[in-house]
Amino acid sequence: MVVAVLAGCSGQPEGLERPAREPSVRPNAESSPSCAVTARLIPSCGAWWGIAPEVFTGTGVERSLQSAETRIGGTADVLHVYHRGKEEFPTEEEVGLARDPVRPRLLLINWKPSLDRTWAQIADGAIDRRIDRLADYIRRTFPERFFLTLHHEPENDVDATPGSGMQATDYAAMYRHVVLRLRDEGVKNAVTVMTYMGAPNWAAKPWFEQLYPGDDVVDWVALDPYADHRVDDFDGLVNKTRPDFGQWPGFYRWMQWRFPGKPVMVAEWGVFERSGDRTAKRSFFESVRTQIQHYPQIKALIYFDSPHAPRGDTSFDSDPAAGRAFSELARDPYFHSTPVPRP
């Protein structure tokens, strides 16, 4: 089990030595010479600030983002969008938002390649024509670099039964196959992200380590943690532990140990509304602002803004005081020290 290996894992931050040596993408003209963006979209200063805006509201992405940014009083570096199956991406709206002449944005595209094929079938070529069509579309439509995560949070979809096609090793094979085929078909601008759920119970599974597809096809590693009544601050969010999994050190500490040279993305995070405690969201957002710099390997922080999230309301301004605290967090200089590169 992973937890046994990590029993002595240190919680001290480690550097990002390998990414620091990557060639840099040319930054905006107004950026500081000391703050650049690598070829894998790693900001050398601070971290990207992003949002999945007004999810599950039925509003289109452009209106959702504009509304969310108005509510924040600031703009996002990263726009998180979701696609599945045969959908082609990025859409015209998404391209327009990425290429905004005043405020360009990076796209984090979350794609589930198929809803009716197993991971093993995808790895064996069952949707290769779909992958090839998508590759052709991306080549013609969007040459800019973007983040791509494949079937995020796979842990709760694993079926460990032999022959299920949905074992952890099948996920790793699917991920590798899709990424390598996209690359073979000319998609060289996708910066790949492996996104874990970020929960201790899944990390304790005997197959957990088998999910990882390999360093050659994963550029960033990510987690999707949420704050319920058991999580009081940012430290507790990214390093969740549970008494029944006592040896688990927390996801950030595990990622430091497991992926010391890769940037970490918090690809989704949210704070649920708490009955009887209207100050919880405000306090939590204030903790992020004071604690984020303790986690230098986290290079992107992307909020999941939804009044109808599966486990509760994560809208950042469900309370006026929470909205003000979130706006102050979103405008913190730590998240604006490296400008998004222009197309």
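This write-up is about the structure you can find in this document. All of these numbers come straight from a predicted model, not from anything done at the bench.

1. Looking at the pairing of strand S11 (residues 298-304)
- Burial analysis of S11 places seven of its seven residues in the buried class, the great majority of the element.
- Pairing analysis gives five bridges linking strand S3 (residues 48-52) to S11, with the strands arranged parallel. Considered in S11, the bridge of Ala52 is made with Phe304.
- Direction of pairing for strand S10 (residues 264-271) relative to S11: parallel, over a ladder of four bridges. Its bridge partner lying in S11, Val264 is registered against Ile298.
- Handedness of the crossover joining S10 and S11 through helix H11 (residues 280-291) is recorded here as right-handed.

2. Observations concerning helix H6 (residues 128-141)
- Given a rise of 1.5 Å per residue, 14 residues ought to cover 20 Å, and the 20 Å separating the end C-alpha atoms of H6 matches this to within 8%.
- Turning to H6, its buried residues number three or more, namely Asp128, Arg130, Ile131, Leu134, Ala135, Tyr137 and Ile138.
- Where H6 is buried, its residues contact strand S5 (106-112), strand S6 (146-150) and helix H7 (168-184).

3. Brief notes about the packing of aromatic side chains
- Enumeration according to the criterion identifies 34 aromatic pairs in this entry.
- Seen in terms of ring centroids, Phe285 and Phe326 are 5.0 Å apart; in terms of plane orientation they differ by 70°. Their pairing is edge-to-face. With Phe285 in helix H11 and Phe326 in helix H12 (residues 320-330), this residue pair connects regions lying 41 residues apart in the sequence. There is no split in this pair, since Phe285 and Phe326 are both buried.

What counts, and where the lines are drawn
- Residues numbered from 1 in each chain as written.
- Predicted model: local features only at pLDDT ≥ 70, side-chain atom pairs only at ≥ 80, totals over all residues.
- Heavy atoms only, no water.
- Buried < 20%, exposed > 50% of the residue type's maximum accessible area, 1.4 Å probe, protein only.
- Helix = DSSP H or I, 4+ residues; strand = E, 2+ residues; numbered from the N terminus.
- Pairing = 2+ DSSP bridges.
- Right-handed = clockwise from strand over helix to strand, strands pointing away.
- Expected span 1.5 Å × (residues − 1).
- Contact = heavy atoms within 4.5 Å.
- Phe/Tyr/Trp six-rings, centres within 6.5 Å; stacked < 30°, edge-to-face > 60°.

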